[in-house]
Amino acid sequence: MTRTSSGGPSPVDVIGRLPAWVAPTLALGLAGASVGIGVVGYERVTAEPEAEVSFIVEDDLPYGISQETVEAAAEGRVASYQPFTVRVVDRELEWDEYMHGEIDDAEMILSVGDDPEDPDLFLADATRVGISGLDSDDRYSVASTVRETFVNNRTIGHGPNAVVGAALTAADLHFDEGGRSPATWVSAAALPLLAGVALLFGWVRARGLERRRLRRLSRAKLRLARVVLELDVLELRFEAARAALADSPSGGASDDDAVAALESDWDRIRTDSLRLARREQELEHAWLGGPAPRGSSGQTVGETPDWSDLEQFDQETAELQRRADALAAASELRAGHAGSGSVLDRLALPLLQSVDEVLAQRSRLARAAGEGTGESLDRLRSARDELLALNQEAATIPARSGGDDGDSDGARLVAEHAELLERWEAVERRIVGACTALSGALKTHRREDHPGKKALRRDAEERVRRRVQASSAGASDSLDELRSTLGLQHGAAGGPMWSAERVLAALDHTELSAEHSTGGISEEGWQAVVATVGMILPVAAGLLTGWAAVERADVNTAFGRTLEGDQPLAALDVVGDLGAVPEFEEPSDIRPSNQDSLTLEYVRESMARSVEFSEDAALLPDHLDLHVALLPADDYISYTPRADHDYRIDIDYWDIVNAHARIKEEVGAEDPEALDPATGEVALGQGILPVWLLDENTFAVGYTMTGEISSGVDSRLGAYSFRATDLLVSGGGDFEITLGDQVANTLQDLGRAMEYNHQESVKVDTTSLFWLVAVATWSGAQTLLMIGVAVAEAGRRGIGTRRVRRQLAGLRSRLDELALGLDLSRLDMVAVLGGDSPTAGRAEEADQRLHEAALATAWREVQALERLPRREQRGEDWESRVVHVEKLIDTLAARETDVAVRAEDLLRTQR
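Each value, and the rule that gives it
Residues numbered from 1 in each chain as written. Predicted model: local features only at pLDDT ≥ 70, side-chain atom pairs only at ≥ 80, totals over all residues. Heavy atoms only, no water. Helix = DSSP H or I, 4+ residues; strand = E, 2+ residues; numbered from the N terminus. Buried < 20%, exposed > 50% of the residue type's maximum accessible area, 1.4 Å probe, protein only. Contact = heavy atoms within 4.5 Å. Areas by Shrake-Rupley, 256 points an atom, 1.4 Å probe, with all protein chains shown as cover. Polar contact = N/O pair within 3.5 Å; in protein donor to acceptor, adjacent residues only side chain to side chain. Pairing = 2+ DSSP bridges. Right-handed = clockwise from strand over helix to strand, strands pointing away. Salt bridge = Lys/Arg side-chain N within 4 Å of Asp/Glu carboxyl O. Axes fitted to C-alpha atoms, helices over the stretch in contact; angles between N-to-C directions. Phe/Tyr/Trp six-rings, centres within 6.5 Å; stacked < 30°, edge-to-face > 60°. Lys NZ or Arg CZ within 6 Å of the ring centre and 35° of its normal. Parallel < 35°, antiparallel > 145°, perpendicular 65-115°, else oblique. Left-handed = near helix turned anticlockwise from the far one by under 90°. Nonpolar A, V, L, I, M, F, W, Y, C, P; charged D, E, K, R; others polar.

Q: Explanation requested: the overall build of the chain in the structure shown.
A: Across its full length, the chain holds 27 helices and 12 strands. Across the 911 residues that make up the chain, the buried fraction comes to 46%. Expressed as a percentage of contacts within the chain between residues at least 6 apart in sequence, the contacts between residues at least 24 apart total 78%. Of the roughly 45,300 Å² of accessible surface on the chain, 53% is carried by carbon and sulfur atoms.

See the structure below:
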């Protein structure tokens with residue numbers, strides 16, 4: 001069979017075709033996978049390095065490096081995510097060692113030796129580090145970073161700790177598989193969970209959609225069954241009408257055309273009934289497991305139908321039912337049966353409601369198109385009254401069955417009905433003419449922004465559809481098919497009702513254009529805007545979140561880090577001759593002397609002031625006891641004044657390295673707590689700050705040595721050798737700051753370097769992270785929107801259902817009022833207005849009869865809606881039925897009010 005949809009099945013349809021247990025099972029499986037990924041991710045993110053790092057240290061190494069000191073320095077401070085061994089040597093490495101990592105008994109080899117001419121201060125020597133299992137692309141970067149860490153630690157006085165720092169950096173850069181980014185694992189865990197939610201949501205929608213489709217199929221099958229069961233009765237009516245037209249005394253081409261129209265409709269109904277019955281079998285076989293339809297050869301016919309074919313089947317069965325109803329009504333009218341008056345009632349009721357609404361707009365039409373519309377309205381009212389008189393005449397034609405031969409009286413009735421239809425069509429043409437004149441008058445008064453012909457045509461057609469549905473209380477009506485079968489010209493477009501509704505549409509557009517000439521966004525425009533925003537927002541959220549995750553993961557913390565140190569200096573003692581510190585040439589009341597400023601209280605206050613007035617300053621991140629060593633420079637180092645700067649000196653790098661080792665020993669002798677006895681290094685929480693006493697009463701503050709080990713991707717600790725070798729000279733100048741302030745500034749620089757220390761590399765593929773986070777965020781936003789729309793829709797439907805139920809209760813009250821006033825309405829219309837009617841009251845009697853018939857229709861529809869089960873009093877179909885019956889009741893109430901006013905005016909003129 002042919003598909004009605006050119007596109008493929010929707011995802012909801014695909015989910016709906018799965019067995020009932022598949023989608024929930026998959027959703028639970030995806031939720032379980034999400035939990036599993038989350039557990040693994042939590043373990044990875046919160047994991048701490050616990051693998052052992054061992055060292056093999058050769059003998060006779062410089063800087064106090066030995067097997068014992070390195071192991072003592074590493075104890076409790078070195079751990080890795082993967083175990084590895086470091087061999088420490090003093091020689092140059094071989095090609096295979098540093099280039100390919102071919103090491104016999106270790107995974108890493110580190111040479112602590114140096115080229116005296118190149119102390120690696122500007123470019124670390126990557127050939128002094130070898131690591132096994134390292135890709136050639138990463139070899140230089142990792143090896144040079146490890147070597148640089150060793151040199152940085154050596155610069156600030158470390159020996160064994162320099163080896164430990166190199167091992168820490170290698171553990172981070174290489175001996176760690178990474179994958180500890182929370183964003184990565186959260187996104188990875190969210191994706192299957194969101195997929196499961198979407199799958200479950202789609203499954204629920206698919207189940208609901210399938211139930212609605214099956215209900216729609218059941219309704220279509222019921223319509224088809226009714227038509228098929230009534231085919232015999234319909235055939236009898238058709239044959240009776242054909243026989244009556246054949247025996248009509250008038251004869252002629254009109255009767256032949258009527259017979260041909262009836263025969264054509266009957267053939268189509270019979271053919272389509274058989275075809276749709278086979279289609280019904282195909283649909284039941286595909287969706288309900290019924291028997292497969294068979295052709296004459298016994299083979300299965302047709303392709304497997306899709307849900308998209310249901311719409312076509314539903315439309316075709318509805319059209320078939322309308323044609324069958326139209327053929328039955330037309331046959332009844334053509335044969336002159338007693339009930340033929342009700343057929344014309346179906347034609348007259350919606351048409352007269354449209355005409356009455358046009359007549360009620362006399363004042364609006366006069367304002368919009370001028371007083372010249374009065375003549376057209378008078379012609380329209382005259383045609384309306386004549387149409388009602390014809391309707392009353394059809395209702396009073398005697399229903400005679402004919403004599404024994406079945407010819408004479410029946411033939412006369414057929415002729416009378418045929419002649420009445422001709423007069424009916426003539427009156428309809430008069431209505432069309434009057435409405436066309438009114439539309440032309442409105443056309444001459446249109447504004448520039450008035451809609452065009454196509455827009456008015458669509459509006460009029462929609463108004464006709466709603467009017468017909470309202471007059472039948474929402475039932476499927478066969479008005480167009482009936483008119484076609486009866487041979488009346490003009491269908492939905494161009495007929496009398498369409499012409500009247502077109503006048504109303506043009507009038508509304510004219511007044512709206514005058515009131516709202518500035519325009520604006522239509523309801524459809526707003527819906528398009530909302531839909532567009534709903535599509536763009538999740539995509540934008542995904543992209544922005546992905547970029548933010550990459551920026552956070554790949555950030556260079558060397559710049560812009562917010563310092564958090566909040567520890568003041570714990571203790572300060574001076575080692576050396578405090579009286580040797582140079583003083584200012586001229587004392588000042590504002591500042592103390594250099595010697596007086598070198599106290600714990602003064603240094604603390606200076607650091608606090610700096611933090612208060614600078615956003616890029618902080619206190620120390622950890623506890624620190626400071627030992628300020630006042631050292632005669634000539635006893636420790638050789639220095640030379642800078643040729644390009646009057647207040648700076650240069651110190652040889654190796655002099656500083658050797659001096660730092662000597663200073664540690666001397667300070668340790670004064671205060672044993674300053675050094676770690678196992679390693680000979682400065683102990684954690686201790687610091688030694690050399691102050692070099694120079695010639696000519698000048699001094700220079702050196703670099704602070706602490707127990708902190710420099711390591712990590714962005715460590716500043718020891719990273720800048722010029723802080724120890726290129727020093728600013730202070731003397732007795734009037735504008736120089738005190739030694740205490742310089743110590744405070746040096747400590748704040750130390751605190752900043754400590755906060756940037758021990759940072760691990762991210763080890764994440766930024767491209768993968770971007771897409772993973774972006775897709776997860778997009779999916780999450782889509783899921784939230786989906787759930788939000790579902791909740792909002794459920795809430796809206798609940799509110800709408802309660803509102804419509806209250807509306808239905810109000811309609812019952814209005815019907816009660818109309819029923820109570822029915823006697824007065826009949827008296828006003830028939831007795832008062834009918835007595836002064838040019839049609840001798842026939843039009844008024846027909847008008848009242850149609851009004852009472854419409855009132856009975858509205859009453860039955862309200863009763864049917866109220867008697868529906870509570871679970872069926874919801875949904876668009878039910879709400880639309882309430883809207884249609886409300887429209888009908890509004891029309892009936894307006895008509896009753898108009899009748900009462902007209903009757904009162906007539907009585908007033910006759911008094």
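Back to the text.
Q: Before we go on, may I ask you to explain the side chain of Gln361 in this structure?
A: Looking at the secondary structure, you find Gln361 in the loop between α11 (340-359) and α12 (362-369). For Gln361, a relative accessible area of 14% corresponds to the buried category. Engagement of the side chain of Gln361 in a polar contact is seen with the side chain of Arg364, the distance being 2.8 Å. For Gln361, the residues in contact, after removing those within four places along its chain, are Leu504 and Leu507.

Q: What is the right way to look at the pairing of strand β1 (residues 53-57) in this model?
A: In regular strands, side chains alternate between the two faces of the sheet. Because side chains alternate across β1, one face comprises the buried residues Val53, Phe55 and Val57, and the other comprises Ser54 and Ile56, none of which is buried. In this sheet, strand β2 (residues 84-89) lies alongside β1 in parallel orientation, the contact comprising five bridges. Note that in β2 the partner of Val57 across the bridge is Val88. Considered for its hand, the β-α-β crossover made up of β1, helix α3 (residues 67-74) and β2 is left-handed.

Q: What should I look at first to understand the pattern of salt bridges in this one?
A: Across all of its chains, the model carries 39 salt bridges by this definition. Arg279 is the salt-bridge partner of Glu282, the closest N and O atoms lying 3.9 Å from each other. A residue pair is termed a helical-turn pair when its members lie 3 or 4 positions apart in one helix, as Glu282 and Arg279 do in helix α9 (residues 252-287) at three residues. Of the charged contacts in the structure, one is a salt bridge between Arg812 and Glu866, with a shortest N-O distance of 2.8 Å. You can see Arg812 sitting in helix α24 (residues 766-820) and its partner Glu866 sitting in helix α26 (residues 842-867), a full 54 residues away along the chain. Several salt bridges converge on common partners, so that one network encompasses Arg268, Asp272, Arg275, Glu316, Glu319 and Arg323.

Q: When you look at the sheet that holds β2 in this model, what are you seeing that I'm missing?
A: Working definition: the strands of a sheet are paired by backbone hydrogen bonds and lie parallel or antiparallel to each other. Read from one edge of the open sheet, four strands run β1-β2-β3-β4, paired in mixed fashion. Both edges of this open sheet fall to β1 and β4 (129-131), since each of them pairs with a single strand only. Shown here is a sheet whose adjacent strand axes are inclined to one another by a mean of 15 degrees, direction ignored. Taken together, the three bridges between strand β3 (residues 108-111) and β4 define a ladder with antiparallel strand orientation. Within β4, the position partnered with Met108 by the bridge is Ile131. Seen against the sheet, helix α5 (residues 136-155) touches β3 and β4 and runs at an angle of roughly 130 degrees to β4.

Q: Help me understand the packing of aromatic side chains, please; the structure alone is not making it clear to me.
A: Remark: the centre distance and the inter-plane angle together describe each pair of aromatic rings, the angle taken between the planes. Within this structure, the stated rule accounts for seven aromatic pairs. With centroids separated by 3.9 Å and ring planes inclined at 5 degrees, the aromatic side chains of Phe84 and Phe175 adopt a geometry described as stacked. Of the two residues, Phe84 sits in strand β2 while Phe175 sits in the loop between α6 (160-173) and α7 (182-229), which places them 91 residues apart along the sequence. Here the two residues Phe84 and Phe175 agree in accessibility, since each one is buried. Ring pairs connect the aromatic residues Trp547, Phe770 and Trp771, which therefore count as one cluster. The aromatic ring of Tyr636 is capped on one face by Arg662, whose charged end is 4.0 Å from the ring centroid. Lying over the aromatic face of Tyr756, Arg716 brings its terminal NZ or CZ to 4.2 Å of the ring centre.

Q: Teacher, can you tell me more about the packing of α5 against α6 here?
A: Relative orientation and spacing of two packed helices are given, respectively, by the angle between their axes and the distance between those axes. Two elements in contact, α5 and α6, have axes whose closest approach is 8 Å; the angle formed by their N-to-C orientations is 150 degrees. Classed by the angle they form, the pair α5 and α6 counts as roughly antiparallel. Handedness of the crossing formed by α5 with α6: right-handed. Residue-level contacts link Val142, Thr145, Val146, Thr149, Phe150, Asn153 and Arg154 of α5 to Asn161, Ala162, Val163, Gly165, Ala166, Thr169, Ala170 and Leu173 of α6. Partitioned by chemical class, the residues of the contact of α5 with α6 number eight nonpolar, six polar and one charged.

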